[in-house]
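A closer look at the structure
Residue strings, one per chain:
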Amino acid sequence: MHRIRNAFVAFAAWAALWTAAPASAQLANYPARTITIVVPFAAGGPTDIIARIVSNALAQSLKANVIVDNRAGGGGNIGITYVARSAPDGHTLLLTSTAIAVNPALFDNLPYDPFKDFAPISELVNAPNALFVRPDSGINSIADLVARAKAEPDKFNYSSPGVGTKSHLSGELLKLRAGIQMQHVPYRGGGLSVQSVVAGTVQVGSVALAPVEPLIKGGTIRALAVTGANRWWSLPEVPTMIESGYPGFVSDTFNALLAPAGTPPEILALLVKEVRAAMQKPEAREAARRAGYEIVAGTPEQLSARIAAEIAGVKELVAKAGIKPEN
C-alpha cells in the first residue's frame, strides 16, 4: 500500500509537470510577435489616447512591439467582434469604452457575447459626464433646470455625442429621475454637441467631461453637475448629481482592456500584472488626467462585475426610456 501511494504521488507530480509544460512554454515564448491593441473607434478619441498610454507601457515592460489598430464602425461593434474572433494567444487585445456593456441593450443580434467571448484584464480608467448650459441661460443648478423644464415642458432639448453614448443615457436618466421632458438631439461627436449649446441651438448639453472642461474653466459654458460618484479633482466647485439631490445617480464612462476568451491564464496573469502596474505610474496618471480620466487599474474580477452591472442597468434604462435597439 505504501509503495502504491508513493507511486501515485510520483505519477501525480509527473502529470502536473507534463500538463504545465505547454503553458510554461507558451509564457516563455510570449510575446512571440507584435501585440495588437484594437480600439473600436477612430484615432484621436479618448479611448485611442488611453490605448497609446497602455501600448507604450506594455512595449517597455514586455520588451515587445505593441501597436494600436483602430477599427471603427457600428458603435464599436466592428472592432469588438474582430477581437472576439481573434486567436486567443495574447497577441490581439481589445481596449474598449463602455460600449461593450452598453451595446447589448442597443443592438439586436450582436455577433459577440461580452462574457463568453472575452477574458477581462482590467478596467483602466473612468470619467464622468457633465451636464451644462450657457452662462446667460439663467440656470445655475440642476434644481433650476428641472424647475424650468417642468414650467416649459415643450421648450427644452439637450445634446449628446450620439445615440447610445453614456452622455445620452445620462440625459435620459435625468429625465426619468426628475420627471421632466427634454428632447434628445444627437450629434456626431462631443465637439459638435458642445458647440450646439454654445451657439444656443440646444439649451442643455450632456457630454464626457474632457472636451468641456476647458470651456467650463474659461466661462464659455456653465457646468450644472458631473455624473461621477465624486466631484472631479480639477473642478471642485461643480457638484455631483448625487449632491444635487439624486441618490445613486452615477453614469460614467470606463475604458477597459480585454483579451479573447481562451487566452492562456498564465499570459492573462502577466498582462494583468503589467497593465495594472503601468497604469499606477505617475506619468500614466498625468497622461490619463490630461485626457479627462482618472486611473482605476482594477482587477479582472472587478471589471467582470462592472460590465455585468452596466449591462443590467443600461438594459433597464433603455427599456424605461423607450430607446429602440438597432438591428
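Residues numbered from 1 in each chain as written. Predicted model: local features only at pLDDT ≥ 70, side-chain atom pairs only at ≥ 80, totals over all residues. Heavy atoms only, no water.

Side note on the overall build of the protein chain
Of the regular secondary structure elements, the protein chain holds 11 helices and 10 strands. Structurally, the protein chain occupies a C-alpha span of about 90 × 40 × 35 Å along its principal axes. Here the protein chain, with 327 residues, has 49% of them falling under the buried criterion. For the protein chain, the proportion of contacts with a sequence separation of at least 24, taken over those separated by at least 6, is 76%. Approximately 14900 Å² of the protein chain is accessible, and the part contributed by carbon and sulfur atoms is 56%. (Helix = DSSP H or I, 4+ residues; strand = E, 2+ residues; numbered from the N terminus. Buried < 20%, exposed > 50% of the residue type's maximum accessible area, 1.4 Å probe, protein only. Contact = heavy atoms within 4.5 Å. Areas by Shrake-Rupley, 256 points an atom, 1.4 Å probe, with all protein chains shown as cover.)

What to know about the packing of aromatic side chains
The final tally for this structure, using the stated rule, is 2 aromatic pairs. Measuring from centroid to centroid gives 6.3 Å for Y112 and F118, while their planes differ by 80°, and the two rings are edge-to-face. For Y112, a relative accessible area of 5% corresponds to the buried category. Its relative accessible area of 5% is what places F118 among the buried residues. With 6.4 Å between their ring centres and 75° between their planes, Y246 and F249 make a pair best called edge-to-face. By the burial criterion, Y246 is buried, and F249 matches it. A cation over an aromatic ring shows up here: R71 above the ring of Y82, its NZ or CZ 3.7 Å from the ring centre. Here the basic side chain of R289 rests over the ring of W233, its NZ or CZ set 4.0 Å away from the ring centre. (Phe/Tyr/Trp six-rings, centres within 6.5 Å; stacked < 30°, edge-to-face > 60°. Lys NZ or Arg CZ within 6 Å of the ring centre and 35° of its normal.)

As for helix α10 (residues 282–290)
Here α10 has its buried residues at A284, A287, A288 and R289. Here the buried face of α10 lies against α2 (46–62), β4 (118–133), α9 (265–279) and β10 (294–295). At the C-terminal side of α10, G292 shows a positive phi close to 95°.

Some points on the pairing of β4
Burial analysis of β4 places 15 of its 16 residues in the buried class, the great majority of the element. Sheet topology note: the β4/strand β9 (residues 252–260) ladder contains 9 bridges and is antiparallel. Opposite P120, over in β9, you have L258 as the bridge partner. Here 2 bridges tie β4 to β10, and the two strands are oriented antiparallel to one another. Within the sheet, the bridge partner assigned to N126 lies in β10 and is E294. Note that β4 and strand β8 (residues 222–226) share 4 bridges and pair antiparallel. Bridging from a neighbouring strand, L131 pairs with A225 of β8. (Pairing = 2+ DSSP bridges.)

A look at the packing of helix α6 (residues 166–178) against helix α11 (residues 300–321)
Direction vectors running N to C along α6 and α11 enclose 60°, while the axes themselves pass 10 Å from each other. Our classification of the angle between α6 and α11 gives oblique. Two packed elements cross with a definite hand, and for α6 against α11 that hand is left-handed. Every residue of α11 that contacts α6 at K166, L169, E172, L173 and L176 is listed here: E310, V314, L317, V318, K320 and A321. Looking at the contact of α6 with α11, its residues break down into 7 nonpolar, no polar and 4 charged. (Axes fitted to C-alpha atoms, helices over the stretch in contact; angles between N-to-C directions. Parallel < 35°, antiparallel > 145°, perpendicular 65-115°, else oblique. Left-handed = near helix turned anticlockwise from the far one by under 90°. Nonpolar A, V, L, I, M, F, W, Y, C, P; charged D, E, K, R; others polar.)

Topic: the pattern of salt bridges
Across all of its chains, the model carries 16 salt bridges by this definition. Of the charged contacts in the structure, one is a salt bridge between E123 and R306, with a shortest N-O distance of 2.9 Å. Placement of the pair is E123 in strand β4 and R306 in helix α11, with a sequence separation of 183 residues. Each member of the pair, E123 together with R306, is buried. Note that E294 and R289 form a salt bridge whose closest N and O atoms lie 3.0 Å from each other. Among the residues examined, R289 registers a relative accessible area of 16% and is labelled buried. Overlapping salt bridges bring together E123, K166, D252, R306 and E310 as one network. (Salt bridge = Lys/Arg side-chain N within 4 Å of Asp/Glu carboxyl O.)

Regarding the confidence of the model for the protein chain
Summing up the model confidence of the protein chain, the mean pLDDT is 90 and the portion of residues at 70 or higher is 91%. Low pLDDT, under 50, characterises residues 1–21; the predicted model gives this stretch 0 contacts beyond four residues in sequence or across chains. (pLDDT = per-residue confidence, 0-100.)

Focus on the environment of Q183
Here Q183 lies in strand β6 (residues 183–186). For Q183, a relative accessible area of 54% gives the class exposed. In this structure, the C-alpha to C-alpha distance between Q183 and G171, residues 12 residues apart in sequence, is 9.6 Å.

Here we look at the nonpolar core
Within soluble globular proteins, side chains that are nonpolar generally end up buried alongside one another. Counting 34 residues, the largest nonpolar core has I50, V54, L58, L95, L124 and L257 as its most contacted members. Going through the elements one at a time, β1 (35–39), α2, β2 (66–70), β3 (92–96), β4, β9, α9 and α10 are the ones with two or more residues in this core. Look past the residues within four positions of L124 in its chain and what remains in contact with it is I50, V54, L95, N255, A256, L257, V275, M279, E294, I295, V296 and A297. (Core = buried A, V, L, I, M, F, W, Y, C linked by side-chain atoms within 4.5 Å.)

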